[in-house]
Amino acid sequence: MKVFINPGHMPGIDSGAVNGHLLLRECDIVLSLGRLLASKLESAGCTVMLLQSDNLCGEAPAFPNVCHAANNWPADIFISMHCNAYNTTVRGTEILCRKEKSQAGILAQHIRQQLSKTLHGIDSDIPDRGIKERLDLIVLNHTVMPAILIEVAFIDNDADARILVEKQNSLASAIARGITDYWCHLN
Ligand SMILES: [Zn+2]
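Note that this is a predicted model, so its numbers are computed, not measured.

> What's the story with the overall build of the chain in this structure? I'm lost.
When helices and strands are tallied, the chain shows six helices and eight strands. Helices and strands in the chain line up, N terminus first, as β-β-β-α-β-α-β-β-α-β-α-β-α-α. C-alpha atoms of the chain, sized along the principal axes, occupy 40 × 40 × 30 Å. By the burial criterion, 50% of the 187 residues in the chain qualify as buried. Of the contacts made within the chain by residues no fewer than 6 positions apart, 76% connect residues no fewer than 24 positions apart.

Okay, structure coming up:
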């Protein structure tokens, strides 16, 4: 299976969301999480391409185009990784896809199952916010393979942010297991 990993945002260009008091940037957390995920998937026999770029689909031509790279490779599945942010008190994990009743929706379910189980084991108070349909996201609209976007947890909430920093290995393993579960279900 060829897995395209797109850590969101881009250090030096767009930090994404931040936690000002723990001094954390979304762009750094998702890059390190994406690299861990890549190595776990490679150990499981997948081929991985990882690209973090401010150019999602042509809007910043100075940087490599994320959707074109995934489509031209071509990837079997597309995983964008982000951290959520809202009002510092909201917590939890969620996965976005265009349509729940689709291959992307099935992929999202497999990852959700593993990720929410792992998060619950780390902190039973962290909510599973489920799978949400979004029709307005460039990376989901311009990729041709099943594509999802994982909002792993809320970076602006200190309890979630600590998990995002301290439990990266468990989080990456859970996402990798969800991806290989999806692949087994197909084959
Ligand atoms: Zn983001």
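> Help me out: how do you make sense of the side chain of Gln114 in this one?
Turning to its location among the elements, Gln114 is positioned in helix H3 (residues 103–122). Not counting residues within four places of it along the chain, the set of residues in contact with Gln114 comprises Ala174, Arg177, Gly178 and Asp181.

> Before we go on, may I ask you to explain the environment of Pro61 in this structure?
Tracing the backbone shows Pro61 in the loop between strand E4 (47–50) and helix H2 (66–72). Considering only alpha carbons, one finds Pro61 and Glu133, 72 residues apart in sequence, at a separation of 28 Å.

> Even after reading the chapter, I still don't get the coordination of the zinc ion, so can you show me in this structure?
Each pair of donors in an ideal octahedron of six around a metal sits at 90 or 180 degrees, and each pair in an ideal tetrahedron of four sits at 109.5 degrees. Taken together, the protein ligands of the zinc ion are His9 (NE2), Glu26 (OE) and His82 (ND1), with distances of 2.0 to 2.1 Å. The sequence motif formed by the donor residues of the zinc ion is H-x16-E-x55-H. Separated by 17 residues along the polypeptide, His9 in the loop between strand E1 (2–7) and strand E2 (18–19) and Glu26 in helix H1 (residues 26–43) bring together distant segments of the chain. For Glu26, a relative accessible area of 3% corresponds to the buried category.

> Sorry if this is basic, but what is going on with the pattern of salt bridges here?
Working definition: two side chains of opposite charge can pair if their charged atoms are close together. Using the criterion set out here, one finds seven salt bridges in the structure. Note that Arg91 and Asp123 form a salt bridge whose closest N and O atoms lie 2.8 Å from each other. Residue Arg91 is found in the loop between strand E5 (77–84) and strand E6 (93–97), and its partner Asp123 is found in the loop between H3 and strand E7 (128–133); the two are separated by 32 residues along the sequence.

> What's the story with the layout of surface pockets in this structure? I'm lost.
Sizing a probe to match a water molecule and rolling it over the atoms shows the empty space that remains. For the largest pocket, the calculated volume is near 260 Å³. Looking at the largest pocket, it is lined by 18 residues, and the ones nearest its centre are His9, Leu56, His82, Leu137 and Leu149. Mapped onto the lining of the largest pocket, the elements with two or more residues apiece are E5, E6, helix H4 (138–141) and strand E8 (147–154). Element by element, the count of residues in the lining of the largest pocket is highest for E5, at three residues.

> What's the story with the sheet that holds E7 in this structure? I'm lost.
Strand pairing in a sheet is mediated by backbone hydrogen bonds. Such pairs are either parallel or antiparallel. Spatially, six strands are ordered E4-E1-E5-E8-E6-E7 in an open sheet, and the strand pairing comes out mixed. Every interior strand has two partners, whereas the edge strands, E4 and E7, have only one. Geometrically, the sheet is characterised by an average inter-axis angle of 20° between neighbouring strands, direction not taken into account. Relative to E5, E1 runs parallel, the two being bridged by five bridges. Among the inter-strand pairings, Ile5 is bridged to a residue of E5, identified as Ile79. H1 rests against E1, E4, E5 and E8 of the sheet, and its axis sits at about 145° to E5. Of the strands in this sheet, E5 and E8 touch helix H5 (residues 158–166), which is tilted by about 115° from E8.

> So what exactly am I meant to see when it comes to unusual backbone geometry here?
Negative phi values dominate among residues other than glycine, just as trans dominates among peptide bonds. At the junction of Trp73 and Pro74, the peptide bond is cis and its omega measures out at -5° in the coordinates. Of note, Pro74 is situated in the loop between H2 and E5. The phi torsion at His9 lies on the positive side, around 70°, for a residue other than glycine. Residue His9 is classed as partly exposed on the basis of its relative accessible area, which comes to 22%.

What counts as what
Residues numbered from 1 in each chain as written. Predicted model: local features only at pLDDT ≥ 70, side-chain atom pairs only at ≥ 80, totals over all residues. Heavy atoms only, no water. Helix = DSSP H or I, 4+ residues; strand = E, 2+ residues; numbered from the N terminus. Buried < 20%, exposed > 50% of the residue type's maximum accessible area, 1.4 Å probe, protein only. Contact = heavy atoms within 4.5 Å. Donors = N, O, S within 2.8 Å, 3.2 Å for Na, K, Ca; no water. Salt bridge = Lys/Arg side-chain N within 4 Å of Asp/Glu carboxyl O. 1 Å grid on protein atoms, 1.4 Å probe; cavity = no way out; pocket = protein on both sides within 12 Å on 5 of 7 lines; lining within 4 Å. Points joined across faces, edges and corners; volume = space filled by probe spheres on them. Pairing = 2+ DSSP bridges. Axes fitted to C-alpha atoms, helices over the stretch in contact; angles between N-to-C directions.

Any functional reading would require information beyond the geometric quantities listed.
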